[in-house]
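Fold and geometry: a report
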Amino acid sequence: MKRILLAAYAASLTMCAWSQDSSKQQRPDTIRVGGMIIIRSGDKNDSSRNGTTITHSRRNKNANTNWWIVDLGFANVDDNTNYTNAVASGFAAPGIGKEQMKLRTGKSVNVNIWIFMQKLNVIKRVVNLKYGIGLELNNYRFDDRRIQFLENPTKIVLNEDWKDLQKNKLAADYLTVPLMLNLNFTPGSSRSKSFGLSGGVSAGYLYSSRQKIKDGGDKDKTHDDFNLRKWKLAYIGELNLGMVKLYGSYALKSMFESGLDQTPYNVGVRLSRF
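Keep in mind it's a predicted model, so treat the numbers as computed, not measured.

What follows concerns a nonpolar patch on the surface. Taken together, the side chains of L72, F185, F195, L197, L239, L241, M243, V244, L246, V269 and L271 make up a nonpolar region of the molecular surface, amounting to roughly 920 Å² of accessible area. Looking at the nonpolar patch, the elements with two or more residues in it are β10 (195–215), β12 (231–241), β13 (244–251) and β14 (262–271). Mapped onto the secondary structure, L241 falls in strand β12.

Take a look at the structure:
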């Protein structure tokens, strides 16, 4: 009888110990390190039953910010000026026409430096709102190097002494705020496989304008607004083709308040993360 009781007592102790040990084995250990979760389960002494799972906790941000975006492109104008009226009004001197005001396409450049751009999720990361702020820098190089902008009042003349200049350009720089509706057709894809497009408007304030000439080693700048509009409103667009991003803009009005009817537009490549 005593042997039976001792055997039953030993068996109960064994079952209790096994149950406690089994519960320890089945209870996983969880460790969180930043956005990473490590889950360890099984018996540390039994490699066949030991398992470690690493998962990443993705925090879906509604807003993503991209800092210091650079655009490299070309600047040009759609010239619809009535030069007969421009000469009659005194804004342009006799002899000034569309041919004289023609720009050098390959040398007229646009460089934009966006301090930041932010993309705000609207609908399932497919429809987003994009906005930011930056500097829009435009250099318009004249094919006819004789073009000169006079000040007070503004008048465009042909300076025969400038016919052999190395460089003659009009620079117009704006502090610009873009606002676009973005369509992302591949919300879960990597940057290299992403595809989407954006469209909207921008508002820019003219904070600097000047005519710059270069004659040999000598350079000269004339700072004036030259009757340019203080505010530039433009349609803007962006095409995302994976690692390649293209941009474009077309102003709503002429860049000049009066005198010339020249609507500026830009196209180029955008160096951006999204």
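Don't stop here, the text continues.
Within the fold, N66 resides in strand β4 (residues 63–79). Along the sequence, N66 and Q118 sit 52 residues apart, while their C-alpha atoms lie 6.2 Å from each other. With sequence-adjacent residues up to four places away left out, N66 is seen in contact with I115, F116, M117, S272, R273 and F274. A distance of 2.9 Å separates polar atoms of two side chains, one belonging to N66 and the other to S272.

Time to look at the pairing of strand β11 (residues 218–223). Within β11, only zero of the six residues are buried, which leaves the element largely exposed. In this sheet, β11 lies alongside β10 in antiparallel orientation, the contact comprising six bridges. Across the sheet, R210 pairs through a bridge with H223, a residue of β11. The hairpin turn running from β10 into β11, its antiparallel successor, is two residues long, and G216 in that turn takes a positive phi close to 65°.

Now for the packing of aromatic side chains. Here the structure, examined in full by the defined rule, presents eight aromatic pairs. Seen from their ring centres, F142 and F149 are 6.0 Å apart, and the 35° between their planes marks the pair as tilted. Among the residues examined, F142 registers a relative accessible area of 4% and is labelled buried. Between the aromatic rings of F149 and F226, the centroid separation amounts to 5.3 Å while the plane-to-plane angle is 55°, which identifies the pairing as tilted. On the criterion of sequence distance, the pair formed by F149 in strand β7 (residues 147–150) and F226 in the loop between β11 and β12 is long-range, its members being 77 residues apart.

As a further point, take the pattern of salt bridges. A side chain of one charge can pair with a side chain of the opposite charge when the charged atoms of the two come close. Throughout the structure, instances matching the rule amount to eight salt bridges. The salt bridge involving R146 is made with E160; its shortest N-O contact spans 2.9 Å. Linking R146 in the loop between β6 (127–141) and β7 with E160 in the loop between β8 (155–158) and β9 (167–184), this pair joins segments that are 14 residues apart in sequence. With a shortest N-O distance of 3.0 Å, R210 and D173 are connected by a salt bridge. Here R210 is found in strand β10, whereas its partner D173 is found in strand β9, with 37 residues between them in sequence.

Attention now goes to the side chain of N110. In this structure, N110 sits in strand β5 (residues 109–123). One polar contact links N110 to N112, side chain to side chain, over a distance of 2.9 Å.

A cis geometry characterises the amide bond from N152 onward to P153, with omega recorded as 0°. Residue placement: P153 occurs in the loop between β7 and β8. Residue N152 is not a glycine yet carries a positive backbone phi of 45°. Mapped onto the elements, N152 comes out in the loop between β7 and β8. Residue class for N152 comes out exposed when judged on its relative accessible area of 69%.

A few words now on the pairing of β13. Here β13 shows a buried face lined by K245, Y247, S249 and A251 and an unburied face lined by V244, L246, G248 and Y250. Hairpin connection from β12 to β13: two residues lie between these consecutive antiparallel strands, with G242 at a positive phi of about 75°. Taken together, the five bridges between β13 and β14 define a ladder with antiparallel strand orientation. Each bridged residue has a counterpart across the sheet, and for Y250 the counterpart in β14 is Y265.

Parameters and conventions
- Residues numbered from 1 in each chain as written.
- Predicted model: local features only at pLDDT ≥ 70, side-chain atom pairs only at ≥ 80, totals over all residues.
- Heavy atoms only, no water.
- Patch = residues over 30% accessible without salt bridge, like charges linked within 9 Å, V, L, I, M, F, W, Y side chains within 5 Å.
- Areas by Shrake-Rupley, 256 points an atom, 1.4 Å probe, with all protein chains shown as cover.
- Salt bridge = Lys/Arg side-chain N within 4 Å of Asp/Glu carboxyl O.
- Helix = DSSP H or I, 4+ residues; strand = E, 2+ residues; numbered from the N terminus.
- Contact = heavy atoms within 4.5 Å.
- Polar contact = N/O pair within 3.5 Å; in protein donor to acceptor, adjacent residues only side chain to side chain.
- Buried < 20%, exposed > 50% of the residue type's maximum accessible area, 1.4 Å probe, protein only.
- Pairing = 2+ DSSP bridges.
- Phe/Tyr/Trp six-rings, centres within 6.5 Å; stacked < 30°, edge-to-face > 60°.

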